[in-house]
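Here are the chains, one letter per residue:
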Amino acid sequence: MTSAARAAGWLRVMPGVFVLIWATGFIVARYGMPYAPPLKFLAVRYALTFVAFGLWAVLARVAWPATRAQWGHLMVTGVLVQAGYLAGVWAAVRIGMGSGLVALLVGLQPVLTGVWLSMRGGSITRRQWAGLLLGLTGLVLVVSRKFGDGGEVSLQTMSLAVAALLSITVGTLYQKRFVAPCDVRSASVVQFAAALVATLPLALLETAPIVWNAQSIGAMAWSVLVLSLGGSSLFYILIQRGSAAAVTSLLYLVPPTTAIMAWLLFSEPITALTLLGTAITAIGVSLVVRAPKG
């Protein structure tokens, strides 16, 4: 097999690999949460990832961003896509929101991205408005049964999840608009350094320590080696290669994948209403992000 054929094969499977890796992020948050306050865990994760990408970039002698403006743009995306997004997700799970529900809420990113891109183009089609309404209807179906159920859905958890959704949506659009093509390794060094700087002061305010044991070490190792080095790199590459709407449309596949993982690992229930709400949300998102005919 030639190198071109191998590259083409990798590009075909890249979206599926990305979805599987991205879905594990919500599982890791649930897995490591009993032993670490969220921001301290994330600060350590960013520091280790910064070192790993830094060594990789130096040893591989990759190119670095050419201008100060590009360094600044990468820092902004690091704060939004990494620090803001993950802080919201981890804090919501820490307080009590299930990983499947967090994934569903953040999975509405394609709706916001599609609507924003349509507004930039001058109008929102009837099909996209119908998709937005369907997506919100599906979300209400899933969320409504959880209000008052052990505090999984409260003003605090919903605010954190929505903040995570807005952060990654704005970060994705910002990266597609302002970040010039750059080697993913050097770009990641800048992004994770910015995420660390933004997270560390807040992490120092958390009084609880990280309890290091097999479970927390495993969660950290997976977070750094698979999610940060693998998942974040794929996300960066996919944004550079495709449209923002096409890339974010992959994220509506994450909630059902996460729900299955959470059911297998944590016995989080999958009810008929959950399945119906997830399906309606997926249909709504697909209507929003689908390219118009012709």
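For clarity, every value in this text was computed on a predicted model and none was experimentally measured.

Caption draft 1: Representation of a nonpolar patch on the surface in the model. A cluster of nonpolar side chains, contributed by I260, W263, L264, L265, I270 and L275, occupies part of the molecular surface with about 620 Å² of accessible area. Here the element with the most residues in the nonpolar patch is helix α11 (residues 254-266); it accounts for four residues. Among the structural elements, I260 can be located in helix α11. Using a relative accessible area of 46% as the deciding quantity, one classes I260 as partly exposed.

Caption draft 2: Region of interest: the packing of aromatic side chains. Scanning all chains against the criterion turns up 10 aromatic pairs. For the pair F18 and F235, a centre-to-centre distance of 5.7 Å together with 15° between the ring planes defines the contact as stacked. Of the two residues, F18 is situated in helix α1 (residues 3-32) and F235 in helix α9 (residues 214-241); the sequence distance between them amounts to 217 residues. Its relative accessible area of 0% is what places F18 among the buried residues. Ring centres 6.1 Å apart and planes at 50° place the aromatic pair Y46 and F192 in the tilted group. A residue pair is termed long-range when its members are at least 10 positions apart, and Y46 in helix α2 (residues 38-60) and F192 in helix α8 (residues 184-203) qualify at 146 residues.

Caption draft 3: Representation of the nonpolar core in the model. In this structure, W22, F26, Y85 and W90 are the most contacted members of the largest nonpolar core, which totals 67 residues. Excluding residues within four positions of it along the chain, W90 makes contact with V28, A29, M33, P38, F41, L42 and R45. Residues L74, V184, V190 and Y236 belong to the second largest nonpolar core, which totals six residues.

Cut-offs used in this document
- Residues numbered from 1 in each chain as written.
- Predicted model: local features only at pLDDT ≥ 70, side-chain atom pairs only at ≥ 80, totals over all residues.
- Heavy atoms only, no water.
- Patch = residues over 30% accessible without salt bridge, like charges linked within 9 Å, V, L, I, M, F, W, Y side chains within 5 Å.
- Areas by Shrake-Rupley, 256 points an atom, 1.4 Å probe, with all protein chains shown as cover.
- Salt bridge = Lys/Arg side-chain N within 4 Å of Asp/Glu carboxyl O.
- Helix = DSSP H or I, 4+ residues; strand = E, 2+ residues; numbered from the N terminus.
- Buried < 20%, exposed > 50% of the residue type's maximum accessible area, 1.4 Å probe, protein only.
- Phe/Tyr/Trp six-rings, centres within 6.5 Å; stacked < 30°, edge-to-face > 60°.
- Core = buried A, V, L, I, M, F, W, Y, C linked by side-chain atoms within 4.5 Å.
- Contact = heavy atoms within 4.5 Å.

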